[in-house]
Structures are given as structure tokens and as C-alpha cells.
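One letter stands for each residue in the lines below.
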Amino acid sequence: MEPANSGALEALLKRGELVESTSEMTPDYLRELKHTLLVSGDTELISAPAYYLAARKAPSVNAFMTGIAIIQDELAHAHIAYHILEELGESQEALIFKRDPKAFRYPYAFDVPLESWTELVVANAMYDQAGFCLLGDIHEHGSYGPWKRGLVKVMAEENFHLRNGRNWSKRISQAGGEAREELQRAVDWMFPLTVEWFGLPDNLKQHSTQLDYRLKGLTNDQLRQQWLSTGFRAHSMPTRSAGTSTIRAAGMRSSSGGASGGRATPRWSPSSRRASPSSRCAHEFLPAFSRRSGAPRLPAFSRRSGAP
Amino acid sequence: MPVNLVDLGLIYGLTVDGGRVCVSLTFTAMGCPASEMIMGDIRERLLAEPGIEDVRLDVVWDPPWTSARLTSDGREALRAWGLSV
Ligand SMILES: [Fe+2]
Ligand SMILES: [Fe+2]
């Protein structure tokens with residue numbers, strides 16, 4: 001198929017129309033789209049094992065079911081992104097199972113293990129809220145039709161995740177004592193990592209091809225501000241007087257850790273968007289997805305067999 | 001979901017006795033991942049009513065929930081949301 005010329009694509013984007021097939025894309029657009037999808041798929045995928053480690057510490061069977069349901073949602077969200085990549089000519093199998101763990105692209109936050117139910121629910125309140133802002137932007141402004149439509153349900157499910165985070169954070173905070181202190185410690189170390197999630201500040205970022213192609217609609221700073229304003233208003237984590245916890249991380253440190261006690265100090269850097277070689281995710285989680293040689297392979301459904 | 005618990009057909013009954021409210025309710029599935037959240041919301045909302053001091057929740061599995069329990073408003077809301085009911 002002949003790729004579209006850039007003039008035609010530019011005109012289509014200017015009219016506010018959606019790109020529906022590769023025949024309308026330039027090679028540049030296709031490359032940017034794939035990259036954006038890959039970061040989204042990798043982030044959703046890595047959240048599943050990261051959340052699972054903490055969900056095992058759920059305080060009740062019901063809470064565990066909630067954790068597991070969230071993990072199932074995240075796997076489905078990853079699948080949506082990889083599935084679209086497959087339709088764009090990539091191999092889902094190769095993307096998930098054959099890639100070097102260090103090649104996965106996801107926010108640095110997921111390299112810091114979540115070790116308790118409290119940390120999981122704060123992650124729901126902060127990380128899932130960040131995902132909600134980023135995906136909401138793509139859902140609202142994105143120029144690629146199939147992804148935009150796929151995000152309708154993703155947004156509804158993310159809403160459930162962040163509500164779980166808010167409800168539990170409130171509950172833990174109201175319990176007071178050590179429970180509340182643990183909540184505060186979790187907020188303290190996760191806050192700067194979620195700020196980092198949104199990437200470089202606009203004044204350090206010269207140019208965004210993603211914005212040119214309307215693969216997103218808002219800049220890094222705009223999205224970060226949106227996250228700050230939606231995530232920390234009345235419901236979730238405002239002032240001490242409201243009986244919840246405070247954000248102490250306003251002055252971000254490049255190596256935060258003082259407040260987190262014996263935890264391994266996160267080596268925070270604003271530009272580390274990929275797994276560092278020593279990261280736990282890269283070394284423990286991702287190889288778990290890889291097939292061992294000699295493991296039996298299940299036959300795949302053919303496209304015509306009516307597989308779900 | 002953009003539909004309230006009553007229109008979803010989850011509320012089986014409600015009695016008020018002085019400052020105490022008893023709500024019997026069900027869930028769409030026994031493994032409903034939102035059940036604790038829903039019960040917490042009900043409790044919190046009812047306790048915000050003046051004069052209510054105690055909220056009892058009774059989870060009922062018989063008769064089980066089916067889509068026949070949706071009200072017509074609930075059905076419409078779910079359809080508009082993209083679920084076939
Ligand atoms: Fe997700
Ligand atoms: Fe999520």
C-alpha cells in the first residue's frame with residue numbers, strides 16, 4: 001500500500017478528522033503512533049505484576065478480589081495496545097515474549113516495588129490517576145480512530161482503579177496511627193515518581209511530534225497540572241484537617257528516600273523513562289513473561305475461527 | 001457504570017427503624033470486585049442523612065441478580081453506555 005503524502009495527512013489532521021488506516025499515514029506518523037502505543041502497552045503490562053506483589057497482601061478476601069480484578073483490567077488494557085500494534089504490522093508475540101526486558105518502556109515508578117496493600121492503593125490513587133489523565137487526553141484528542149474508540153472502556157475501568165485508591169486511602173487515613181503513617185510514607189515516595197511520569201517539563205522539551213500528529217492533545221506540563229488538580233482535590237489526599245494525608249514532596253529531590261525508612265532509595269531522574277539495568281521489573285517480572293525453550297506452545301486460533 | 005444501584009436492580013429492600021437503616025442488597029456476581037466499595041459508599045451516604053446513626057447491610061444471593069432486575073431507566077443507561085441488555 002502506498003503511504004499517504006504528508007500534505008494529505010496534514011490536511012486531514014487540520015480538519016480534525018481521524019486517521020483510520022495505514023493508507024492515510026505517512027511513515028513518520030506510523031512510527032510515532034507505534035511508539036506511543038508501545039509505551040502505553042508496556043506500562044499497562046508492567047503494572048500487572050507490580051500490582052500483584054502488593055495485592056497478595058490484601059487485608060481481606062474481598063480486597064484481594066478487587067486487586068485481582070484491577071490486574072485483569074490492566075492486562076486487558078495492555079492487550080488493546082498490543083493488538084492495535086499487531087494490526088499495524090507488529091507481532092504481539094514478539095513484542096511481549098521476545099523482547100529484551102530492558103527494551104520495555106514504562107515510567108520509572110514501576111521499577112520501585114510495591115510492598116503492601118497501602119502502597120497498592122496509593123498507587124491506584126496516583127499512578128492510575130496519571131494513566132487516567134494521559135489516556136483521557138488520547139481518548140479526547142487522539143487522531144487514530146481505532147485507539148480512540150478502544151479507550152472508551154479503558155477509561156471507565158481506570159476510574160474504578162482510582163476510586164479504589166481514593167476510597168482505601170481515605171479509610172486508612174481515618175484509621176489513624178501507624179496505618180496512617182504508612183500511608184503518608186507511601187504518598188511521600190510515590191508523589192515525585194508520579195510527577196516524573198509525565199516526562200520533561202515543557203521548557204526543556206523543544207518539540208513534540210506527538211502533538212504535531214495529534215497523538216496527544218496536551219503538553220507534558222498541562223497533563224501534569226491536570227493530574228495534580230484531579231488527583232488531590234477533596235476526595236483523595238488533601239489537607240490534614242480533612243483527615244487525610246499531606247503532600248510533602250513539593251520540593252522534589254533527585255534521590256528521595258529519607259522519608260521512606262529502610263526502603264531501597266529510588267534513584268529518581270526526570271529523564272529515565274526506561275528500565276534501568278538493575279531494576280526489579282526488568283530482571284524479575286519481564287523474564288516471567290518470556291517462554292522457556294521447550295515449553296509447549298498452544299495452537300493459536302485462526303482469524304476465521306471466531307475467536308473472541 | 002453510569003447507573004445507580006436502584007436502577008441496576010441491586011437493592012432488594014430498605015427499612016428504617018428510628019436511627020437505624022437496614023438495606024438488603026445483592027451484587028451482579030459473587031466475585032464482584034466493587035462490592036466492598038459499593039457497601040462503603042452506601043454506608044457513608046446513609047450516615048450523612050440527618051437522624052441516621054446505624055446502617056446495617058444484608059447481602060442477599062437468593063434470588064440472584066439477573067438483567068431482568070434492571071429498571072427501564074437502568075436498561076437505557078446501560079445501552080447508552082454500550083452494553084447490550
Ligand atoms: Fe490500565
Ligand atoms: Fe489502572
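In this report, the structure presented in the accompanying data block is examined. Treat the numbers as computed from the prediction; the structure is a model and nothing was measured.

1. Concerning the overall build of chain A
Of the regular secondary structure elements, chain A holds 10 helices and zero strands. Looking at chain A as a whole, 50% of its 308 residues are labelled buried. In chain A, the share of contacts with a sequence separation of at least 24, taken over all contacts with a separation of at least 6, comes to 74%. With an accessible surface of roughly 14700 Å², chain A has 55% of that area assigned to carbon and sulfur atoms.

2. Section: the packing of aromatic side chains
Evaluated as defined, the whole model comprises nine aromatic pairs over all chains. Ring centres of Phe110(A) and Trp197(A) lie 5.5 Å apart, and the angle between their planes is 70°; on these two criteria the pair is classed as edge-to-face. Placement of Phe110(A) in the loop between α4 (92–97) and α5 (117–141) and of Trp197(A) in helix α7 (residues 177–197) is noted, with a sequence separation of 87 residues between them. A single burial state applies to Phe110(A) and to Trp197(A), both of which are buried. Consider the rings of Phe198(A) and Trp227(A), whose centres lie 5.9 Å apart with planes at 45°: the pair is tilted. Of this pair, Phe198(A) sits in the loop between α7 and α8 (209–212) while Trp227(A) sits in helix α9 (residues 220–231), and the two are 29 residues apart along the sequence. For Phe198(A), a relative accessible area of 4% translates into the label buried. Using a relative accessible area of 0% as the deciding quantity, one classes Trp227(A) as buried. Taken together, Tyr51(A), Phe110(A), Tyr127(A) and Trp197(A) form an aromatic cluster joined through their ring pairs. Note that Lys153(A) overlies the ring of Trp81(B), its terminal NZ or CZ placed 5.4 Å from the centroid. Against the face of Trp168(A) rests Arg171(A), its NZ or CZ located 4.1 Å from the ring centre.

3. Structural notes on the coordination of the iron ion (ligand 1)
All names here are of chain A. Coordination of the iron ion (ligand 1) by the protein is provided by Glu-44 (OE), Glu-74 (OE), His-77 (ND1) and Glu-158 (OE), with metal-donor distances spanning 1.9 to 2.2 Å. One can describe the donor arrangement at the iron ion (ligand 1) as irregular, given that its four donor atoms subtend angles of 84 to 145° at the metal. Mapping the donors of the iron ion (ligand 1) onto the primary sequence yields the spacing E-x29-E-x2-H-x80-E. Taken as a pair, the iron ion (ligand 1) and the iron ion (ligand 2) lie 3.4 Å from each other and share Glu-74 as a ligand. Remark: Glu-158 occurs in helix α6 (residues 145–175) and Glu-44 occurs in helix α2 (residues 27–55); sequence separation between them is 114 residues.

4. A look at the interface of chain A and chain B
Contacts between the two partners involve 15 residues from chain A, matched on the other side by 12 residues from chain B. Counting the surface lost from both chain A and chain B, the interface buries some 1000 Å², and carbon and sulfur atoms represent 51% of this. On the surface where chain A and chain B come into contact, there are three salt bridges. Between Glu44(B) and Lys170(A) there is a salt bridge, with the nearest N and O atoms lying 2.7 Å from each other. Elements with a minimum of two residues in the side of chain A that touches chain B: α3 (61–87) and α6 of chain A. The biggest single contributor to the side of chain A that touches chain B is α6(A), with nine residues. Here the side of chain A that touches chain B is composed, by residue class, of six nonpolar, five polar and four charged.

5. Structural notes on the side chain of Thr194(A)
With respect to the element layout, Thr194(A) can be found in helix α7. Residues contacting Thr194(A), with those up to four places away along its chain left out, are Met126(A), Tyr127(A), Ala130(A) and Trp227(A).

6. Comments concerning the coordination of the iron ion (ligand 2)
Residue and element names in this part refer to chain A. Every protein donor of the iron ion (ligand 2) is listed here as Glu-74 (OE), Asp-128 (OD), Glu-158 (OE) and His-161 (ND1), and their distances to the metal cover 1.9 to 2.1 Å. Counting along the primary sequence, the residues that act as donors to the iron ion (ligand 2) give the motif E-x53-D-x29-E-x2-H. Take Glu-158: its relative accessible area is 2%, and that puts it in the buried class.

7. With respect to the packing of α5(A) against α6(A)
Residue and element names in this part refer to chain A. Relative orientation of the contacting elements α5 and α6 amounts to 150°, with a least axis distance of 7 Å. As summarised for this structure, α5 and α6 are arranged roughly antiparallel, according to the angle between their axes. When the axes of α5 and α6 are compared, the crossing they make is left-handed. A per-class count over the contact of α5 with α6 returns 15 nonpolar, 11 polar and five charged.

8. Here we look at the nonpolar core
By size, the foremost hydrophobic cluster in this structure holds 83 residues, and its most contacted members are Tyr29(A), Leu33(A), Tyr51(A), Tyr82(A), Tyr127(A), Tyr144(A) and Met190(A). Excluding residues within four positions of it along the chain, Tyr127(A) makes contact with Tyr51(A), Ala109(A), Phe110(A), Leu114(A), Val122(A), Trp189(A), Met190(A), Leu193(A), Thr194(A) and Trp197(A). Membership of the second largest hydrophobic core comes to six residues, among which are Val3(B), Leu8(B), Trp65(B) and Leu78(B).

9. Focus on the environment of Pro64(B)
Residue and element names in this part refer to chain B. Checked against the element boundaries, Pro-64 lands in the loop between β3 (54–59) and α2 (72–80). Its relative accessible area of 52% is what places Pro-64 among the exposed residues. Distance from Pro-64 to Arg-20, taken between C-alpha atoms, is 26 Å for residues 44 residues apart in sequence. With residues up to four places along the chain from it excluded, the contact list for Pro-64 reads Tyr-12 and Arg-69.

Conventions we followed
- Throughout, residues of each chain are indexed from 1 in the direction in which the sequence is written.
- Both sets of labels track the order of writing: A upward for chains, 1 upward for ligands.
- Residues qualify for local features only when their pLDDT is at least 70, as the model is predicted, and side-chain atom pairs are given and counted only at 80 or more; totals for whole chains, interfaces and linings, by contrast, use all residues.
- Side-chain metrics rest on all non-hydrogen atoms present in the structure, leaving aside hydrogens and water.
- We count a stretch as a helix when DSSP gives it H or I for four or more residues in a row; a strand needs E for two or more, and each element gets its number in order from the N terminus.
- Each residue is placed in one exposure class: buried if its accessible area under a 1.4 Å probe, protein chains only, is under 20% of its type's maximum, exposed if it is over 50%, and partly exposed if it falls in between.
- Residues are treated as being in contact if the distance between any of their heavy atoms lies within 4.5 Å.
- Only the protein chains shown count as cover for residues, and all accessible areas are computed by the Shrake-Rupley method using a 1.4 Å probe.
- For Phe, Tyr and Trp, where Trp contributes only its six-membered ring, two rings pair if their centres lie within 6.5 Å, and the inter-plane angle classes them as stacked under 30 degrees, edge-to-face over 60, or tilted in between.
- In this scheme, Lys NZ or Arg CZ marks a charge over a ring once it lies within 6 Å of the ring centre and within 35 degrees of the ring normal.
- Note on donors: an N, O or S atom is included if it sits within 2.8 Å of the metal, or within 3.2 Å for Na, K and Ca, and water is never included, so sites can look incomplete.
- Labels for metal geometry use angle windows, namely 85 to 135 degrees for all angles of a four-donor tetrahedral site, and for square planar (four donors) or octahedral (six donors) sites opposite donors over 155 degrees apart plus all others within 65 to 115; sites meeting none of these are irregular.
- The quantity reported as buried area is the accessible area (1.4 Å probe) lost by two parts once they are put together, taken as the sum for both.
- Here, a salt bridge means any Lys or Arg side-chain nitrogen found within 4 Å of an Asp or Glu carboxyl oxygen.
- Under the grouping applied here, Gly and all other residues not named as nonpolar or charged are polar, the nonpolar ones being Ala, Val, Leu, Ile, Met, Phe, Trp, Tyr, Cys and Pro and the charged ones Asp, Glu, Lys and Arg.
- For helices, the fitted line uses only the C-alpha atoms of the stretch in contact; every axis is such a line through C-alpha atoms, and the angle between N-to-C directions lies from 0 to 180 degrees.
- Our angle categories are set so that under 35 degrees counts as roughly parallel, over 145 as roughly antiparallel, 65 to 115 as roughly perpendicular, and the remainder as oblique.
- Here a crossing is taken to be left-handed if its near helix is turned anticlockwise relative to the far helix by less than a right angle, and right-handed if that turn runs clockwise.
- To form a nonpolar core, buried Ala, Val, Leu, Ile, Met, Phe, Trp, Tyr and Cys residues must be joined to one another through side-chain atoms within 4.5 Å.

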